[in-house]
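Examining the three-dimensional arrangement
Take a look at the letters that make up each chain.
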Amino acid sequence: MNKAGRKGWSCSWKFKMSVVLTGTILMVYGTGLSASSAESQLRSRQAPELILTEQSSMQVPGGTASGHTSSEAPADQSQLKRMAIIIDDAGNDMKGTAEILATPVKLTLAVMPFLPTTKKDAIAAHEKGMDVIVHMPMEPNKGRPEWLGPGAITSKLTDEEVRARVEKAIDEVPYAVGMNNHMGSKITSDKRIMSIVLDVCQERGLFFVDSRTNFRSVVGEMAVTKNMPPVGNDIFLDDHNSKQHIRKQMDLAAKRALDKDVCVVIGHVGHTGLNTSAVVHESVARLKGQIEFVGISDLVRDVWHWQAEPKLPTDNK
């Protein structure tokens, strides 16, 4: 082959090879594009489902899978801890009475008998949906006699006199469902007298709440022997008259309710009334969603499973 022929063949061969190589490259690149496009389309179709799956499995602290916090849903009332607040010394138009009656939850008003606003306060509490109990004056180990009030139970009374005074007190307080002691550190440790008091309460369909003004009280053990609920006070809110102290006591009561499921506390109108009512109002708002405020009769029914079975008619309804 001459020089010109060899040169033409070489050019022709290079041209053919370049065509083959170009075709191969285009084929491979096209395949890659198709694969990439298919993968992109597959990913785009799968992405919404994958994101949804990831979101649905992601838990928000204190919330639900949808991202809503638990505070947006109403609390399950059956899971709440419960507190019964008893307010003593109503019946004499004492400071803080109106404020306590305006509390937006169910409280228990302990009304003293034979006083100027006994009936008025009891009726007002009942109309507000609160529990009413008789705040029975009882002789203390120490204290001024004038603090007792009229119709008090004292250690010198005969059995018949004790019975008569308890029955009259029950008749005096409209809508009463129970009773607790006003003062009474001496009487609540006296088995003779407390047996009569509990008998009358049981006959009239009332339970008795031991205010626990004496650690030697016999009320709880005697109640059990008579098939009555051994209800007792856990914490006094206002044994010192300052908002700081009452808040501290309310915090202790809340902790007890959270730890023990229930707590019974006692506060007062009168000397501490305005401070006590103010702290009760702010505590009710602060503890909403953690603690349910109930009447003492609710605890008697649900915790001690006691229902009144009066043997004698009552005139206090």
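Along the polypeptide, Pro137 turns up in strand E3 (residues 131–138). Overall, Pro137 belongs to the buried group, its relative accessible area being 0%. In this structure, the C-alpha to C-alpha distance between Pro137 and Asp89, residues 48 residues apart in sequence, is 9.8 Å. In this structure, Pro137 is in contact with Met112, Pro113, Leu148, Pro150, Ala152, Ile153 and His182, ignoring residues within four places of it in sequence.

On to the nonpolar core. Soluble globular proteins: nonpolar side chains tend toward being buried together. With 56 residues, the main nonpolar core has Met83, Ile85, Ile153, Met179, Met194, Val197 and Phe208 as its most contacted residues. Among the elements that take part in this core, helix H5 (residues 191–203) stands out by supplying seven residues, more than any other. Those residues in contact with Val197, other than ones at most four positions away along the chain, are Met138, Val162, Val166, Met179 and Phe208. Among the nonpolar cores identified, the runner-up in size contains 14 residues, and Ala110, Val209, Val264 and Leu299 belong to it.

On to the packing of aromatic side chains, then. The final tally for this structure, using the stated rule, is one aromatic pair. For the pair Phe207 and Trp306, a centre-to-centre distance of 6.2 Å together with 90° between the ring planes defines the contact as edge-to-face. Here the residue Phe207 occupies a position in strand E5 (residues 207–210), and Trp306 occupies one in the segment after helix H9 (296–302), the gap between them amounting to 99 residues. Both residues of the pair, Phe207 and Trp306, count as buried.

Computed from the structure, the largest pocket encloses a volume of approximately 540 Å³. Mapped by element, the contributors of at least two residues to the lining of the largest pocket are strand E1 (81–90) and strand E4 (176–183). The biggest single contributor to the lining of the largest pocket is E4, with three residues. Taken together, the residues of the lining of the largest pocket break down into eight nonpolar, eight polar and five charged.

Once that is clear, we can look at the pattern of salt bridges. A full pass over the atoms with the stated rule returns 19 salt bridges. Note that Lys106 and Asp298 form a salt bridge whose closest N and O atoms lie 3.1 Å from each other. Of this pair, Lys106 sits in the loop between helix H2 (97–101) and strand E2 (108–111) while Asp298 sits in helix H9, placing them 192 residues apart in sequence. A relative accessible area of 26% places Lys106 in the partly exposed class. According to the relative accessible area criterion, Asp298 is buried, its value standing at 11%. The shortest N-O distance in the salt bridge between Glu172 and Lys119 comes to 3.4 Å. Taken as a pair, Glu172 in helix H4 (residues 159–172) and Lys119 in helix H3 (residues 118–127) lie far apart in primary sequence, 53 residues in all.

Moving on, we come to H3. Thr118, Asp121, Ala122 and Ala125 are the residues of H3 that are buried. Taken around the axis of H3, the buried residues stretch over an arc of 95°, which confines them to a single face. Counted as exposed and oriented over 90 degrees from the buried face of H3: Lys120 and Glu127. Those residues of H3 hidden inside the fold are in contact with E1, H2, E2, E3 and H4. Count one or two residues on from H3 and you reach Gly129, which has phi positive near 85°.

We now examine the side chain of His268. Tracing the backbone through its elements, the reader meets His268 in strand E8 (residues 262–268). A polar contact is formed between the side chain of His268 and the side chain of Asp238, at a distance of 2.8 Å. Non-local contacts of His268, meaning those with residues more than four positions away in its chain, are made with Ile87, Asp88, Asp89, Phe236, Asp238, Gly273 and Thr276.

On to unusual backbone geometry, then. One non-glycine residue, Asp89, adopts positive backbone phi at about 75°. Structurally, Asp89 is set in strand E1.

Conventions and cut-offs
Residues numbered from 1 in each chain as written. Predicted model: local features only at pLDDT ≥ 70, side-chain atom pairs only at ≥ 80, totals over all residues. Heavy atoms only, no water. Helix = DSSP H or I, 4+ residues; strand = E, 2+ residues; numbered from the N terminus. Buried < 20%, exposed > 50% of the residue type's maximum accessible area, 1.4 Å probe, protein only. Contact = heavy atoms within 4.5 Å. Core = buried A, V, L, I, M, F, W, Y, C linked by side-chain atoms within 4.5 Å. Phe/Tyr/Trp six-rings, centres within 6.5 Å; stacked < 30°, edge-to-face > 60°. 1 Å grid on protein atoms, 1.4 Å probe; cavity = no way out; pocket = protein on both sides within 12 Å on 5 of 7 lines; lining within 4 Å. Points joined across faces, edges and corners; volume = space filled by probe spheres on them. Nonpolar A, V, L, I, M, F, W, Y, C, P; charged D, E, K, R; others polar. Salt bridge = Lys/Arg side-chain N within 4 Å of Asp/Glu carboxyl O. Arc of directions from axis to C-beta. Polar contact = N/O pair within 3.5 Å; in protein donor to acceptor, adjacent residues only side chain to side chain.

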